[in-house]
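As a plain string of letters, each chain reads:
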Amino acid sequence: MKDIVRDGDPVLRQVAKKVEFPLSAEDRQLAADMMAYLVNSQDPKIAEKHQLRAGVGLAAPQVGVSKQMAAVLVPTDNPDDPKPVLKTVLINPLIIVQSVKDAALAEGEGCLSVDKDIRGYVPRHDRITIRCQDMAGNTIRLKLKDYPAIVCQHEIDHLNGILFYDHINKENPFKLKDNTVVIE
Ligand code: 4LI
Ligand code: NI
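What counts, and where the lines are drawn
Residues numbered from 1 in each chain as written. Chains lettered and ligands numbered in written order. Predicted model: local features only at pLDDT ≥ 70, side-chain atom pairs only at ≥ 80, totals over all residues. Heavy atoms only, no water. UniProt positions renumbered as here; feature names shortened; annotations may be inferred. Helix = DSSP H or I, 4+ residues; strand = E, 2+ residues; numbered from the N terminus. Rg over C-alpha atoms; globule rule 2.2 N^0.38 Å. Buried < 20%, exposed > 50% of the residue type's maximum accessible area, 1.4 Å probe, protein only. Pairing = 2+ DSSP bridges. Axes fitted to C-alpha atoms, helices over the stretch in contact; angles between N-to-C directions. Contact = heavy atoms within 4.5 Å. Near = heavy atom within 4 Å. Polar contact = N/O pair within 3.5 Å; in protein donor to acceptor, adjacent residues only side chain to side chain. Areas by Shrake-Rupley, 256 points an atom, 1.4 Å probe, with all protein chains shown as cover. Nonpolar A, V, L, I, M, F, W, Y, C, P; charged D, E, K, R; others polar. Donors = N, O, S within 2.8 Å, 3.2 Å for Na, K, Ca; no water.

In the annotation of an unreviewed UniProt entry, the protein chain is listed under the name Peptide deformylase and assigned to Agrilactobacillus composti DSM 18527 = JCM 14202. As stated in UniProt under Function (unreviewed entry), the record for the protein chain gives "Removes the formyl group from the N-terminal Met of newly synthesized proteins. Requires at least a dipeptide for an efficient rate of reaction. N-terminal L-methionine is a prerequisite for activity but the enzyme has broad specificity at other positions." UniProt, in the comment section headed Sequence similarities (unreviewed entry), describes the protein chain in these words: "Belongs to the polypeptide deformylase family."

See below:
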């Protein structure tokens, strides 16, 4: 897999193309490579060895491929249960239901394509239902809330040429609407 594309590269501002089924060998490899990056980046030893920045989501445009595909790997916070909270590849995802209630990460968001720290709340929907396709081409629905919902909205934004800081209030980066929960 090529290196991660940094902010300023036009591919990050393009609307990604739909993925067609059956998946090509190239698209399968792309999905596998993106997920492998996340797995490796979350392993402190491997990350240090290969100088990988840790992430829980990676979208195809971030590796220079303008296709509607993103890998998400949200690890468990329970040391007794190694099962990830969410491990999936989203293909052609669409948010079909969204809550009125919003949510934002207390510490703001980071992005593997954005090297600088850009502070401020990134308002997202607290709950969403995504319709997307799985690797076999089946249409599936994912009902998500809180952190996994935020991560998927960040990744779906990438497929539409949107970066997290586009959502930060320019006058007051920490201003929030009163329907917003802050997630620690
Ligand atoms: C090491 C091993 C503090 C600062 C807290 C690290 C394994 C920020 C949070 C991780 C912040 C893992 C993350 C995202 C934030 C901040 C992403 C650490 C990797 C926390 C993921 C896509 C936004 C997702 C919570 C500017 C690369 N990830 N932290 N935001 N973690 N990680 N985002 N915010 N402040 N970004 O970045 O993958 S949605 Cl899992
Ligand atoms: Ni990102």
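Participant: Is there a simple way to think about the overall build of the protein chain in this case?
Facilitator: Looking only at helices and strands, one finds 3 helices and 8 strands in the protein chain. Along the protein chain, helices (α) and strands (β) appear in the sequence α-α-β-β-β-β-β-β-β-α-β when read from the amino end. Over its C-alpha trace the protein chain gives a radius of gyration of 16 Å, about what one expects of a compact globule, namely 16 Å for 184 residues. Overall, the protein chain is about 45 × 40 × 40 Å in size when its C-alpha atoms are taken along their principal axes. Per-residue burial for the protein chain yields a buried fraction of 45% across its 184 residues.

Participant: Could you clarify how one ought to interpret the sheet that holds strand S3 (residues 86-98) in this entry?
Facilitator: Backbone hydrogen bonds are what pair the strands of a sheet, in a parallel or an antiparallel way. Taking strand neighbours across the sheet as the criterion, the 5 strands line up as S1-S2-S3-S6-S7 in an open arrangement whose pairing is antiparallel. Each having just a single partner strand, strand S1 (57-59) and strand S7 (139-145) make up the two edges of the open sheet. Across the sheet, the axes of successive neighbouring strands diverge by a mean angle of 40°, strand direction being ignored. Sheet topology note: the S1/strand S2 (residues 69-74) ladder contains 3 bridges and is antiparallel. Looking at S2, one finds that Leu58 is bridged to Ala71. Contacts from helix H1 (residues 25-41) reach S1, S2 and S3 within the one sheet, and its direction differs from that of S2 by about 30°.

Participant: Just to check I follow, could you spell out the UniProt feature "binding site: Fe cation" (unreviewed entry) in the protein chain for this structure?
Facilitator: As recorded in UniProt, the sites labelled "binding site: Fe cation" (unreviewed entry) are Cys111, His154 and His158. In summary, the annotated positions, though distributed over 48 residues, converge in three dimensions, the widest C-alpha pair being only 10.2 Å. Here Cys111 is to be found in the loop between strand S4 (102-105) and strand S5 (124-125). The class for Cys111 is buried, based on a relative accessible area of 3%. Residues within four places of Cys111 in sequence aside, it is in contact with Arg53, Gln62, His154, His158 and Phe164. You can see His158 is positioned in helix H3 (residues 146-159). The buried category is assigned to His158, whose relative accessible area is 1%.

Participant: Teacher, can you tell me more about the UniProt feature "active site" (unreviewed entry) in the protein chain here?
Facilitator: Per the UniProt record, the feature "active site" (unreviewed entry) sits at Glu155. Tracing the sequence through the fold places Glu155 in helix H3. Here Glu155 is in contact with Gly57, Leu58, Ala59, Gln62, Ala70 and Val72, once residues within four sequence places are set aside.

Participant: I'm lost on the site of ligand 1 in this one. Help?
Facilitator: In the neighbourhood of ligand 1, 17 residues make up the surrounding shell, with Val56, Glu107, Gly108, Glu109 and Gly110 lying closest. Taking Glu107, its main chain carries an N or O atom lying 2.8 Å from a nitrogen atom of ligand 1. Relative to its unbound accessible surface of 800 Å², ligand 1 loses 70% to contact with the protein. Residue composition of the shell around ligand 1, grouped by class: 8 nonpolar, 6 polar and 3 charged.

Participant: I tried to follow the coordination of the nickel ion (ligand 2) on my own but got confused; where do I start?
Facilitator: When four donors bind a metal tetrahedrally, each ideal donor-metal-donor angle is 109.5 degrees, and when six bind octahedrally, the ideal angles are 90 or 180 degrees. Distances from the nickel ion (ligand 2) to its protein donors, Cys111 (SG), His154 (NE2) and His158 (NE2), fall at 2.1 to 2.3 Å. Site description for the nickel ion (ligand 2): donor spacing in sequence, C-x42-H-x3-H. Of this pair, Cys111 sits in the loop between S4 and S5 while His158 sits in helix H3; the two residues are 47 residues apart in sequence, bridging distant segments of the chain.

Participant: When you look at the side chain of His154 in this model, what are you seeing that I'm missing?
Facilitator: Inspection of the secondary structure puts His154 in helix H3. Owing to a relative accessible area of 7%, His154 belongs among the buried residues under this scheme. Side chain to side chain, His154 and Glu109 meet in a polar contact 2.8 Å long.

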